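Breakdown of the fold
Take a look at the letters that make up each chain.
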Amino acid sequence: MSKVLIIGAGGVGRVVTHKCAQAKDVFSAITLASRTQSKCDAIAAEIPDFPIKTAKVDADNVPELVALIQQEKPQLVLNVALPYQDLTIMDACLETGVDYLDTANYEPIDTAKFEYSWQWAYHDRFKEKGLMALLGSGFDPGVTNVYTALAAKKYLDEIHEIDIIDANAGSHGQPFATNFNPEINIREVTAPCRHWENGNWIETPALSTKHSFEFPDGIGPMNIYRMYHEEMESLVKHIPTIKKAQFWMTFSDNYLKHLEVLQNIGMTRIDEVEYQGQKIVPLQFLKAVLPDPGSLGPLTKGRTCIGVIARGIKDGKRKQVYIYNICDHEACYKEVNSQAISYTTGVPATVGAMMMLTGKWRGEGVFNMEQFDPELFLDVLAPMGLPTQVIDGGEWPEL
Ligand code: NDP
């Protein structure tokens, strides 16, 4: 039985707190800390059957984090604050001798640069202290890494190509809103696209490659756009037979229309501008006026479909396998007061923590999800709310 410290009380923090409280056989105590303590208190109040301690912390401040960890004495810190805080929280875990887990790679606040180099550089320090850090335990990155590892382990003798496809076939009815933190979402979507091909990253303009893709289980055709996503970096490193890796996401025409205007008028800039004697970052201002993703929960209907098409060789023949999950926004809201985007991130974060705390996934150092046994993880993920579906040997067009 383990004590966990969750940092971040946003959409994902809410789901993680609910799901840890449901897994009473693993979690004996939960402290939920964030910049705004009232948000932690509101989440704790939703879970009357599990006493949740709340705290205020500035996760950019290592001494503050160290003091909180020393006071609460958790076995694991589950970081679901923002990517900007990954390194400070890792530093505090090293100083206090506590394991670490997150769902998104570190990003410097002033450059939209997505890479694992900063966090991989902590490997030796975690190893020397006998500690474990698990990176990217959300859905993508996270479950998509696990699905790729499953394709390589069970369905293919050699995996050659992957297409990770993330569809939100849901609708919230708002003119423009993002399903998770708007600042993080818009930084990711407007970054130049990169995909992996024959040992090189190929860069193309953001959202410049598009296909129509026929999604399974009645979801039907939707437009998918190629973009960079961080799990490709760790997957091509740890599974070097992958020759081509691409990431695709659905966007509605309406979302893209708004995004184009916002970009054209400078509202997605992440550098400081002077306004009435004050320095402001336009994207941070935009976040303040857009709907809070948390408020979309009761409004969002429809499903998500996120998965991986893996192609390669099985018994000497070329073969494809599609491994995916479908998640219903309204069912998530009914269960944990959040839509499926936060749910599909928070559930794998909880399951990653369960794998570490029960010793099913253990190691000393810094790890990505594909480095462990995928079946052990998926066996827990399904009963926790995200079942895996597999179409073994289908035919999908090469994207
Ligand atoms: P939110 O913006 O809803 O929540 C972030 C939380 O972190 C807020 O409670 C915020 O506090 C808190 N926070 C921000 N800065 C600090 C700080 N300096 N100190 C303490 N707390 C802080 O984001 P989400 O819940 O949507 O996302 C959480 C994480 O999950 C992000 O890193 C995101 O990139 C990741 N994610 C990963 C996905 C995946 O599949 N792998 C998918 C979706 C998200 P306050 O409320 O005061 O601002």
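Under an unreviewed UniProt entry, the name given to the protein chain is Carboxynorspermidine/carboxyspermidine dehydrogenase, and the organism recorded is Syntrophotalea carbinolica.

1. Details of the packing of aromatic side chains
According to the stated counting rule, one finds 16 aromatic pairs in the structure shown. Here Tyr106 and Trp118 contribute two aromatic rings whose centre-to-centre distance is 5.3 Å and whose plane-to-plane angle is 80°, an arrangement assigned as edge-to-face. Placement of Tyr106 in the loop between β5 (99-102) and α5 (117-120) and of Trp118 in helix α5 is noted, with a sequence separation of twelve residues between them. Using a relative accessible area of 15% as the deciding quantity, one classes Tyr106 as buried. For Trp118, a relative accessible area of 27% corresponds to the partly exposed category.

2. Let's talk about the nonpolar core
The biggest cluster of nonpolar side chains holds 89 residues, and the ones touching the most others in it are Ile6, Leu78, Leu134, Ile162, Phe251, Trp361 and Phe377. The element best represented in this core is helix α13 (residues 340-357), accounting for nine residues. Here this core spans two domains, and each of domain 1 (2-135) and domain 2 (143-337 + 385-392) adds at least three residues to it. Within the second largest apolar cluster, 29 residues are counted, among which are Ile69, Leu87, Cys93 and Leu135.

3. As for the UniProt feature "domain: Saccharopine dehydrogenase-like C-terminal" (unreviewed entry) in the protein chain
Those places that UniProt annotates as "domain: Saccharopine dehydrogenase-like C-terminal" (unreviewed entry) correspond, in this numbering, to residues 138-382. Across residues 138-382, the secondary structure splits into 34% helix and 31% strand, with the terminal C-alpha atoms separated by 14 Å.

4. Description of the domain arrangement of the protein chain
Assigned domains of the protein chain: these are domain 1 (2-135) and domain 2 (143-337 + 385-392). The C-alpha-based centres of domain 1 and domain 2 are spaced at 24 Å. Each partner contributes to the interface: domain 1 provides 22 residues, whereas domain 2 provides 18 residues. For the pair domain 1 and domain 2, the summed buried area comes to about 1,700 Å², and 53% of that belongs to carbon and sulfur atoms. At the junction of domain 1 and domain 2, the tally comes to two salt bridges.

5. Section: the site of the ligand
Of all residues adjacent to the ligand, which total 28 residues, the nearest are Arg35, Thr36, Lys39, Ala59 and Asn181. Within the backbone of Ala9, a nitrogen or oxygen atom sits 3.0 Å from an oxygen atom of the ligand. Contact distances for the ligand include 2.8 Å between a nitrogen atom and a backbone N or O atom of Ala59. Protein contacts shield 92% of the accessible area of the ligand, which totals 930 Å² for the unbound molecule. When grouped by side-chain class, the residues that make up the shell around the ligand number 13 nonpolar, ten polar and five charged.

6. Quick word on the pattern of salt bridges
Evaluated as defined, the whole model comprises 19 salt bridges. Notably, a salt bridge pairs Lys153 with Asp373, separated by 3.1 Å at the nearest N-O pair. Residue Lys153 is found in helix α7 (residues 143-155), and its partner Asp373 is found in the loop between β17 (365-368) and α14 (374-381); the two are separated by 220 residues along the sequence. Residue class for Lys153 comes out partly exposed when judged on its relative accessible area of 45%. Among the residues examined, Asp373 registers a relative accessible area of 29% and is labelled partly exposed. Between Asp392 and Lys319 there is a salt bridge, with its nearest N and O atoms 2.7 Å apart. In this pair, Asp392 is assigned in strand β18 (residues 389-392) and Lys319 in strand β16 (residues 317-328), connecting sequence segments 73 residues apart. Its relative accessible area of 45% is what places Asp392 among the partly exposed residues. One network of salt bridges, in which partners are shared, links Glu161, Asp163, Arg311, Arg318 and Glu398.

7. A word on the sheet that holds strand β6 (residues 132-135)
Reading across from one edge, β3-β2-β1-β4-β5-β6-β17 is the order of the seven strands in this open sheet, with parallel pairing throughout. Unpaired on one side and paired on the other, β3 (52-56) and β17 mark the two borders of the sheet. Averaged over neighbouring strand pairs, the angle between their axes works out to 20° when direction is ignored. Both β6 and β17 contribute to a ladder of four bridges, which runs parallel. Note on β17: the bridge partner recorded for Leu134 is Phe367. Strand contacts of helix α1 (residues 11-22): β1 (2-7), β2 (27-34), β3 and β4 (76-79), with the helix running at about 165° to β2, the strand carrying the most contacts.

Rules and cut-offs
Residues numbered from 1 in each chain as written. Predicted model: local features only at pLDDT ≥ 70, side-chain atom pairs only at ≥ 80, totals over all residues. Heavy atoms only, no water. Phe/Tyr/Trp six-rings, centres within 6.5 Å; stacked < 30°, edge-to-face > 60°. Helix = DSSP H or I, 4+ residues; strand = E, 2+ residues; numbered from the N terminus. Buried < 20%, exposed > 50% of the residue type's maximum accessible area, 1.4 Å probe, protein only. Core = buried A, V, L, I, M, F, W, Y, C linked by side-chain atoms within 4.5 Å. Domains from an automatic or database assignment. UniProt positions renumbered as here; feature names shortened; annotations may be inferred. Contact = heavy atoms within 4.5 Å. Buried area = accessible area lost by both parts, 1.4 Å probe. Salt bridge = Lys/Arg side-chain N within 4 Å of Asp/Glu carboxyl O. Near = heavy atom within 4 Å. Polar contact = N/O pair within 3.5 Å; in protein donor to acceptor, adjacent residues only side chain to side chain. Areas by Shrake-Rupley, 256 points an atom, 1.4 Å probe, with all protein chains shown as cover. Nonpolar A, V, L, I, M, F, W, Y, C, P; charged D, E, K, R; others polar. Pairing = 2+ DSSP bridges. Axes fitted to C-alpha atoms, helices over the stretch in contact; angles between N-to-C directions.

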